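What follows is each chain in one-letter form.
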Amino acid sequence: MRTALIDHVSVGAILGESPIWLPDSGVFLWLDLLGRKVHRFDPHRRENAVVADGFSENLACLVRLAEGHVLLVTATKFVRLDPFNGTSAAVVAPLVPEDNTCFNDGKVAPDGSFWLGTSDVDEIEPTGSLYRIAGTPVDVVDRGFVISNGPAFSPGGRKAYFADSAGRRILQYELDDAGLPVSRSRFAIIPDSDGLPDGLTVDSSGRVFSAHWQGSRITVYGPDGVIRDRICLPARNITSCTFGGHDLSHLLVTSASIDAGDEAGDSEGDIFLFETDCAGIPEPVFVFPLRRTSNRSAVV
């Protein structure tokens, strides 16, 4: 696989995460979870800007909605956000985190359902769960995770991948025709020397791209779980990645400056853009109807 670093933007995010590509506007959105900021990166102009900040709690993830909007998930709430003017409005969440847990990573499946994980607030106990939101009641896919990360889906929508970060493993779920999980298996185990598995994405050939917290890399797995390639980066905590660009051949990678340790360099918390010889999968739109709360202002 061919990759070439074509841009490195010095941002210094505390905890960069959850990049998504907006094809209609030709920009990436990504989050600084602990900095409580939503960023927009224009790969054509090579410009990064903060489009929304001042939230009262940590952020979790972003997914696409219809009509150019996005759903911003915070630690405990759902917010509809305009990615250009930064206006936002709280919406009724179909799910509330259990005690001492918070929302973390999430992604929309090809069938339009939203897979969302929760984590233990203190990142100690295995109290986190993985949910599938496609209607009410919400489906519980799996339980027993300290930190939930990286739902991602195969090109045909028949497999889901999930990073059990503290367990140092990537799980694979076989899905039926309705998009529901029917079995679980171990896709990959990450050795101590490679850090922890974090955010995930999948390309059009079914290869799984896994970011490594404390690993300074992205590992590329074949659909069979065998390592096919590694992308090394000049930051210790690599958090997530996604494909974008007009042909979905550009890979945007996020990182974190927190907990970088004594080996920290000047690139911690920055974003990196790679040109590749592969292509990603278009990011689906979350189709679940979201109703505004009585308070039209977001969590600010």
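As for the nonpolar core
Line of reasoning, step 1. The biggest cluster of nonpolar side chains holds 20 residues, and the ones touching the most others in it are Leu31, Val38, Leu59, Leu62, Val70 and Leu72.
Line of reasoning, step 2. Elements represented by at least two residues in this core include exactly strand 2 (16-22), strand 3 (27-32), strand 5 (47-52), strand 6 (59-64), strand 7 (70-74) and strand 8 (78-81).
Line of reasoning, step 3. Residues in contact with Val70, not counting those within four places in the same chain, are Ile20, Leu22, Leu29, Leu62, Val63, Leu65, Val79, Arg80 and Leu81.
Line of reasoning, step 4. Counting 19 residues, the second-largest nonpolar core is a separate cluster that includes Cys61, Leu65, Leu95 and Phe286.

With respect to empty space enclosed by the protein
Line of reasoning, step 1. Under the criterion given, the structure shown has two cavities of 30 Å³ or more.
Line of reasoning, step 2. The calculated volume of the largest cavity comes to roughly 210 Å³.
Line of reasoning, step 3. When its residues are assigned to classes, the lining of the largest cavity shows eleven nonpolar, four polar and two charged.
Line of reasoning, step 4. When its volume is computed, the second largest cavity comes out at roughly 80 Å³.
Line of reasoning, step 5. In this structure, the second largest cavity is lined by Ser18, Pro19, Ile20, Leu62, Asp105, Gly106, Lys107, Gly150, Pro151, Gly199, Leu200 and Ser240.
Line of reasoning, step 6. Elements with a minimum of two residues in the lining of the second largest cavity: strand 2, strand 10 (101-108), strand 14 (148-153) and strand 18 (196-202).
Line of reasoning, step 7. For the lining of the second largest cavity, the residue count by class is five nonpolar, five polar and two charged.

Describing the layout of surface pockets
Line of reasoning, step 1. Looking at the largest pocket, its volume works out to about 610 Å³.
Line of reasoning, step 2. Forming the boundary of the largest pocket are 26 residues, of which Leu15, Leu33, Asn104, Glu123 and Ile147 lie nearest the centre.
Line of reasoning, step 3. Elements represented by at least two residues in the lining of the largest pocket include exactly strand 6, strand 10, strand 11 (114-120) and strand 18.
Line of reasoning, step 4. Counting residues per element, the lining of the largest pocket draws most heavily on strand 10, which supplies four residues.
Line of reasoning, step 5. Grouping the amino acids of the lining of the largest pocket by side-chain chemistry returns 14 nonpolar, six polar and six charged.

Describing the pattern of salt bridges
Line of reasoning, step 1. In the structure shown here, the tally under the stated rule is twelve salt bridges.
Line of reasoning, step 2. The shortest N-O distance in the salt bridge between Lys77 and Glu57 comes to 3.8 Å. With Lys77 in the loop between strand 7 and strand 8 and Glu57 in the loop between strand 5 and strand 6, this pair connects stretches of sequence that are 20 residues apart.
Line of reasoning, step 3. A relative accessible area of 14% places Glu57 in the buried class.

A closer look at the packing of aromatic side chains
Line of reasoning, step 1. Throughout the structure, instances matching the rule amount to eleven aromatic pairs.
Line of reasoning, step 2. Each ring, one from Phe28 and one from Phe41, has its centre 6.4 Å from the other, and the planes form 25°; the classification is stacked. Pair noted here: Phe28 is in strand 3 and Phe41 is in strand 4 (residues 37-42), with a separation of 13 residues, a long-range link. Each member of the pair, Phe28 together with Phe41, is buried.
Line of reasoning, step 3. Summarising the aromatic geometry, the rings of Phe187 and Tyr221 are spaced 5.6 Å apart at their centres and angled 70° between planes, so their arrangement reads as edge-to-face. Placement of Phe187 in strand 17 (residues 181-189) and of Tyr221 in strand 20 (residues 217-221) is noted, with a sequence separation of 34 residues between them. Tyr221 shares its class with Phe187; the two are buried.

Cut-offs and rules
- Residues numbered from 1 in each chain as written.
- Predicted model: local features only at pLDDT ≥ 70, side-chain atom pairs only at ≥ 80, totals over all residues.
- Heavy atoms only, no water.
- Core = buried A, V, L, I, M, F, W, Y, C linked by side-chain atoms within 4.5 Å.
- Buried < 20%, exposed > 50% of the residue type's maximum accessible area, 1.4 Å probe, protein only.
- Helix = DSSP H or I, 4+ residues; strand = E, 2+ residues; numbered from the N terminus.
- Contact = heavy atoms within 4.5 Å.
- 1 Å grid on protein atoms, 1.4 Å probe; cavity = no way out; pocket = protein on both sides within 12 Å on 5 of 7 lines; lining within 4 Å.
- Points joined across faces, edges and corners; volume = space filled by probe spheres on them.
- Nonpolar A, V, L, I, M, F, W, Y, C, P; charged D, E, K, R; others polar.
- Salt bridge = Lys/Arg side-chain N within 4 Å of Asp/Glu carboxyl O.
- Phe/Tyr/Trp six-rings, centres within 6.5 Å; stacked < 30°, edge-to-face > 60°.

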